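# Observations on the three-dimensional arrangement
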Amino acid sequence: MTDHPLQDNPLLDFSGLPRFDMLTPADVQPAISTLLGRCRALIERQTADDLAATWTDFAAPLFDGFEQLSRAWGTVGHVHSVNDIPAWRDAYNGMLPEVARFYAEVGQNLQLFDKYKAIAASNGYARLSVAQQRIVDHEIRDFRLSGAELAAKDKPRFQAIAEELAQLSAKFSENLLDATNAFAEMLSDESELAGLPDDARQAAREAAERDGKSGWKFTLHMPSYLPVMQYADSRRLRAVMYRAYATRAAEFGAAELDNTPLIRRILELRREQAQLLGYQNFAEVSLVPKMAASVPQVLGFLRDLAVKARPFAEQDIADLRAFARSELGLDHIEAWDIAYVSEKLLQARYAFSEHEVKQYFTEDKVLSGLITVIETLFGVRIQPDQAPLWHPDVRFYRIETPAGELIGQFYLDLYARETKRGGAWMDEAISRRKRPEVSPTLTRDDIQKPVAYLNCNFSRPVCDQDGKLRPATFTHDDVITLFHETGHGLHHLLTRVDEIGVAGIHGVEWDAVELPSQFMENYCWEWSVLQKMSAHIDTGEPLPRALFDKMLAAKNFQSGLQTLRQVEFSLFDLLLHSDFDPAAGRSVLELLDEVRREVAVFIPPEWHRFPNSFAHIFAGGYGAGYYSYKWAEVLSADCYGAFEETGNPFDQATGQRFLNEILSTGGSRSAIDNFRAFRGREPQVDALLRHRGMSAAQNLEDLEHAHHHRPAP
Ligand SMILES: [Zn+2]
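Just so you know, these numbers come straight off a predicted model, no measurement behind them. (Residues numbered from 1 in each chain as written. Predicted model: local features only at pLDDT ≥ 70, side-chain atom pairs only at ≥ 80, totals over all residues. Heavy atoms only, no water.)

## Looking at the overall build of the protein
Inclusion rule: Helix and strand definitions here come from DSSP, where helices need a minimum of 4 consecutive H or I residues and strands a minimum of 2 consecutive E residues; each element is numbered from the N-terminal end. Our radius of gyration looks at C-alpha atoms and nothing else; its globule reference is 2.2 Å times the residue count to the power 0.38. Throughout this description, buried means an accessible area under 20% of the type-specific maximum (1.4 Å probe, protein chains only), exposed means over 50%, and partly exposed covers the range between.
Counting secondary structure elements, the protein contains 26 helices and nine strands. A compact globule built from 713 residues should have a C-alpha radius of gyration of about 27 Å, and the protein, at 27 Å, falls within 12% of that. With the C-alpha coordinates of the protein rotated into their principal frame, the extents come out at 80 × 65 × 60 Å. Considering the protein as a whole, with its 713 residues, one finds that 52% of them fall into the buried category.

Here it is as structure tokens:
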């Protein structure tokens, strides 16, 4: 390991692509410390009283300086994610607190806030570009929401609330985890394992062995809990596990792990915090930086979806009951039977083997299919390119105009490795922007081109019995994941915005950021695409149509029930943070009952304590934001609907419009304006319902080319 002198530190070289060929963990501390020092000195200069509050004098140099820190730290974070060996973990963790402290300081720096307000109030504001205005507006908004404008007497209280809320959220998660760990069901009678797959039995056996016991141990962690609920023939076992799971962190267990008082306190404090900021409730605050315009708008959206999905959910439940009665001899379905009966019904109707499907998605075929989709849709070219890499498995590509002009570049790191973080994600290596040193006479070369990381955890190629290397094969879920992350990547890469603060995904509303990624997933369900994107690893044959039809039917299985479930959670979350006063007598559970009476088709037992484990809204960032899952799905489905209406999923004009109005504008315009410009109207839920097999409309039959057949019962 070499120690580079500061002038040769690869993290301080911003002239081009990250220097993965030179970078060592020893480079991190000196480079990041240097950049933090430079940024602090820059803030000092930029907040001087005599510095003019203009874009050119104040904001632009600030973004230039901050970009270096975020780029260098982004490179470190990336290597930490894809090569998490001890030396890199230490290097990353060693600087993480300092970097976090710096950004917290920036967020609380009222002198910065004053300068932004001065720009907004100046005559010059009107002459800024739309993107620049939007950046100034965002900065002011974020300072305000973090309490910068409160009266001096209210600030200590606001700060105290923020700290208490952070502690309560952490405690909520801890309680939930401890309560999850507190339960175990030990079995000694093997007959009670009937129905369970071998791997689930084996895991339960090993869990018991780790405790020094014989028999089988089942817990409330998903890999243990889920197979029991789906496969265990023992109704007693399912009932015991279900009840334990549904009552975690509630009054039935250890008092110190009960989340009930925490929920009440969190709701009180969020309400107080919102009122200090001048809003009526927390939901209003939550929606300020989001695409959704108002609480009534989101409520209307959710209720519309509930009404439209309801007949399909009722049919799903009726099918389930009929199947349970005729095939399983169950006259009455309990909550702990639903997953079990559903799994049996799914197998009976649409059984297919994941393994069989996987034989058709060979790596080269999938990648060339993906590239063809992007090239055809957006009129670009994608070519292999050269760059320093962090691992020999990584590939690198460039996106060009048909004339060969560079648009952006991306890394593709497909395979799982022991030192790589799990899951799949897109990250930014370099963002598009006007280079800082350029003159007002801007030429194309003065634009810094964006670069993205696309990371997955797919299985790598393996050798057959004869020692011959076989191509990697992917599951259909893997293919969907790849398209999803590529969608995020295209949002970053195809931007045409030159101001970094709103280029690509920067500044895009939180509830709209999944639009391009979910949009791209649609192509994985397009028959014409799949035919070309698949080739059996042995025979070279494309995916058979009959197999595809089963995959599609399984995708849409119980989509009515699933939709209502998501609506129930979203509606509960939103009402809890808007139309609910913890001090007014009505309990959280009473509100949940009301929501269920309105939307649910299957009501869980009265002892179910769903709120006590709803960590998304009480311990994660989803408070008054759970709706965004469905919201983004509606947007992406509706955008894809525009292609379906032309009868061609690759319609050139529609593809260009999607590029021009949504992908390339990114955060420089509000998401709803992007959407309206593309679609010519407000978002509608119909396309989502149709894609999920929930459409009764006959006149749409002609749109149902290939991929929207509701399976015959
Ligand atoms: Zn995503």
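The rest of the description comes next.
## Points about the sheet that holds strand 9 (residues 451-458)
The criterion, for reference: A pair of strands is treated as paired once DSSP finds two or more bridges between them. Angles here are taken between N-to-C directions and fall from 0 to 180 degrees, while the axes themselves are lines fitted to C-alpha atoms, restricted in helices to the stretch in contact. By definition in these notes, contact holds between two residues if any of their heavy atoms fall within 4.5 Å.
Taken in spatial order, the five strands line up as 3-4-5-9-6 in an open sheet, and their pairing is mixed. On the outer flanks of this sheet lie strand 3 (381-384) and strand 6 (425-430), each paired with one strand and no other. Sheet twist, expressed as the mean angle between neighbouring strand axes with direction ignored, is 25°. In this sheet, strand 4 (residues 395-400) lies alongside strand 3 in antiparallel orientation, the contact comprising four bridges. Directly across from Pro384, in strand 4, lies its bridge partner Tyr397. Contacting strand 4, strand 5 (406-415), strand 6 and strand 9, helix 16 (residues 476-493) runs over the sheet at an angle of about 170° to strand 9.

## Side note on the pairing of strand 4
Put simply, side chains in a regular strand alternate between the two faces of the sheet. Burial runs high along strand 4: five of the six residues are buried. Examined bridge by bridge, strand 4 and strand 5 share six bridges and lie antiparallel to one another. Note on strand 5: the bridge partner recorded for Ile399 is Gly408.

## Topic: helix 7 (residues 198-210)
To keep it simple, the criterion reads: Every helix has an expected span of 1.5 Å times one less than the residues it contains. What the arc describes is the spread of directions from the helix axis to the C-beta atoms.
The end-to-end C-alpha separation of helix 7 is 18 Å, in line with the 18 Å expected for 13 residues at 1.5 Å each. What helix 7 keeps buried is the set Ala200, Ala204, Ala207 and Ala208. Viewed along the axis of helix 7, the buried residues span an arc of 100°, placing them on a single side of the element. Opposite the buried face of helix 7, at more than 90 degrees from it, the exposed residues are Asp198, Asp199 and Arg210.

## As for the coordination of the zinc ion
Defined as follows: Metal-coordinating donors are taken as N, O and S atoms lying within 2.8 Å of the metal, or within 3.2 Å when the metal is Na, K or Ca; because water is left out, some sites can appear incomplete. Labels for metal geometry use angle windows, namely 85 to 135 degrees for all angles of a four-donor tetrahedral site, and for square planar (four donors) or octahedral (six donors) sites opposite donors over 155 degrees apart plus all others within 65 to 115; sites meeting none of these are irregular.
Around the zinc ion, the protein contributes the donor atoms His484 (NE2), His488 (NE2), Glu514 (OE) and Glu514 (OE), which lie 2.1 to 2.8 Å from the metal centre. Metal-centred angles of 51 to 141° between the four donor atoms at the zinc ion mark the site as irregular. Accessibility expressed as a relative area gives 26% for Glu514, which makes it partly exposed.

## Quick look at the packing of helix 8 (residues 222-231) against helix 9 (residues 235-246)
Packed helices, taken two at a time, are described by their axes: the angle between them and the distance between them. As a reminder, the rule being used: Roughly parallel means an angle under 35 degrees; roughly antiparallel means over 145; roughly perpendicular covers 65 to 115; every other angle is labelled oblique. By convention the crossing between two helices is left-handed if the near helix lies anticlockwise of the far one by an angle smaller than a right angle, and right-handed if it lies clockwise.
Where helix 8 meets helix 9, the axes come as close as 9 Å, and the angle between the chain directions of the two elements is 135°. Relative to helix 9, the element helix 8 is oriented oblique. Where helix 8 crosses over helix 9, the two elements pack in a sense that is left-handed. Where helix 8 abuts helix 9, its residues Met222, Tyr225, Val228 and Met229 lie against Leu237, Arg238, Met241, Tyr242 and Tyr245.

## Re the pattern of salt bridges
Pairing is possible between side chains that carry opposite charge, provided their charged atoms lie close to one another. Where we set the bar: The salt bridge definition used is simple: a Lys or Arg side-chain nitrogen within 4 Å of an Asp or Glu carboxyl oxygen.
Throughout the structure, instances matching the rule amount to 50 salt bridges. Between Lys117 and Glu149 there is a salt bridge, with its nearest N and O atoms 3.5 Å apart. Taken together, the residues span a long stretch of sequence, with Lys117 in helix 4 (residues 110-121) and Glu149 in the loop between helix 5 (130-145) and helix 6 (155-182) at a distance of 32 residues. Residue Lys117 is classed as partly exposed on the basis of its relative accessible area, which comes to 28%. Beyond isolated ion pairs, a larger network of salt bridges with shared partners links Asp64, Glu67, Arg71 and Arg433.

## Topic: the nonpolar core
Condition: As used in this record, nonpolar core signifies buried Ala, Val, Leu, Ile, Met, Phe, Trp, Tyr and Cys residues forming a set joined through side-chain atoms within 4.5 Å.
Phe378, Phe519, Tyr523 and Phe658 are the most contacted members of the largest nonpolar core, which has 154 residues in total. Considering each element in turn, this core owes the most residues, 14 residues, to helix 12 (residues 295-328). In this structure Tyr523 touches Val373, Leu377, Phe483, Val529, Tyr640, Phe643, Pro649 and Phe650, once residues within four positions along its chain are discounted. Counting residues in each nonpolar core, the second largest holds 58 residues, with Leu36, Phe63, Tyr125 and Ala131 among its members.

## Considerations on the environment of Ser578
Checked against the element boundaries, Ser578 lands in the loop between helix 20 (559-576) and helix 21 (588-599). Overall, the relative accessible area of 14% leaves Ser578 in the buried class. Through-space distance from the C-alpha of Ser578 to that of Arg271 is 8.7 Å; in sequence the pair is 307 residues apart. Those residues in contact with Ser578 that sit more than four places away from it in its chain are Arg271, Asn281, Ala283 and Val295.

## So, the environment of Gln359
This is how it is decided: Pairing of N or O atoms within 3.5 Å defines a polar contact, subject to two protein rules: one partner must be a possible hydrogen donor and the other a possible acceptor, and residues neighboring in sequence count only if both atoms are side-chain atoms.
By the secondary structure assignment, Gln359 is in the loop between helix 14 (354-358) and helix 15 (363-378). Separated by 147 residues in sequence, Gln359 and Gly212 place their C-alpha atoms 41 Å apart. For Gln359, the contacting residues outside a window of four places in its chain are Ala535, His536 and Ile537. Within the structure, the side chain of Gln359 is placed 3.1 Å from the backbone oxygen of His355, a separation counted as a polar contact.

## Quick word on the confidence of the model for the protein
What counts, and what does not: Confidence scores here are pLDDT values: one per residue, from the predictor, ranging 0 to 100.
When pLDDT is averaged along the protein, the result is 93, and 96% of the positions lie at 70 or above. Scored below 50 in pLDDT, residues 697-713 shows 33 contacts in the model against residues more than four places distant or in partner chains.

## Concerning the side chain of Lys217
Following the sequence through the fold, Lys217 ends up in strand 2 (residues 216-219). A distance of 2.8 Å separates a polar atom in the side chain of Lys217 from a polar atom in the side chain of Asp211. Other than its neighbours up to four places away in sequence, Lys217 contacts Ala184, Glu185, Met186, Ala204, Ala207, Ala208, Asp211 and Ser224.

## A look at the side chain of Asn259
Here Asn259 lies in the loop between helix 9 and helix 10 (260-276). Look past the residues within four positions of Asn259 in its chain and what remains in contact with it is Lys171, Phe172, Asn175, Leu176, Ala249 and Asn612.

## Looking at the packing of helix 1 (residues 28-46) against helix 3 (residues 86-108)
We count it as follows: Any residue that is not Ala, Val, Leu, Ile, Met, Phe, Trp, Tyr, Cys, Pro, Asp, Glu, Lys or Arg is counted as polar, Gly included; the first ten are nonpolar and the last four charged.
Closest axis-to-axis distance for the helix 1/helix 3 pair is 10 Å, and the angle between their directions is 5°. Classified by the interaxial angle, the pair formed by helix 1 and helix 3 is roughly parallel. Between helix 1 and helix 3, the contacting residues are Val28, Gln29, Ile32, Ser33, Leu36, Cys39, Arg40 and Ile43 on the first element and Trp88, Ala91, Met95, Glu98, Val99, Phe102, Glu105 and Val106 on the second. Split into classes, the residues belonging to the contact of helix 1 with helix 3 amount to 11 nonpolar, two polar and three charged.

## What to know about helix 4
Every α-helix carries 3.6 residues per turn, so stepping three or four residues along brings you back to the same face. If you check helix 4, its first and last C-alpha atoms are 16 Å apart, about what 12 residues at 1.5 Å a residue would give, namely 16 Å. The elements touched by buried residues of helix 4 are helix 1, helix 2 (55-82), helix 3 and helix 5. Between the side-chain oxygen at the start of helix 4 and the backbone nitrogen of Gln111 there is a gap of 2.9 Å, and the oxygen is on Asn109.

## Considerations on unusual backbone geometry
Look at Gln558: it is not a glycine, yet its phi comes out positive at around 55°. Taking relative accessible area as the criterion, Gln558 reaches 12% and is therefore assigned buried. Not every positive phi belongs to a glycine, and Ala624 is a case in point at roughly 55°. Here Ala624 falls in the buried class, since its relative accessible area comes to 0%.

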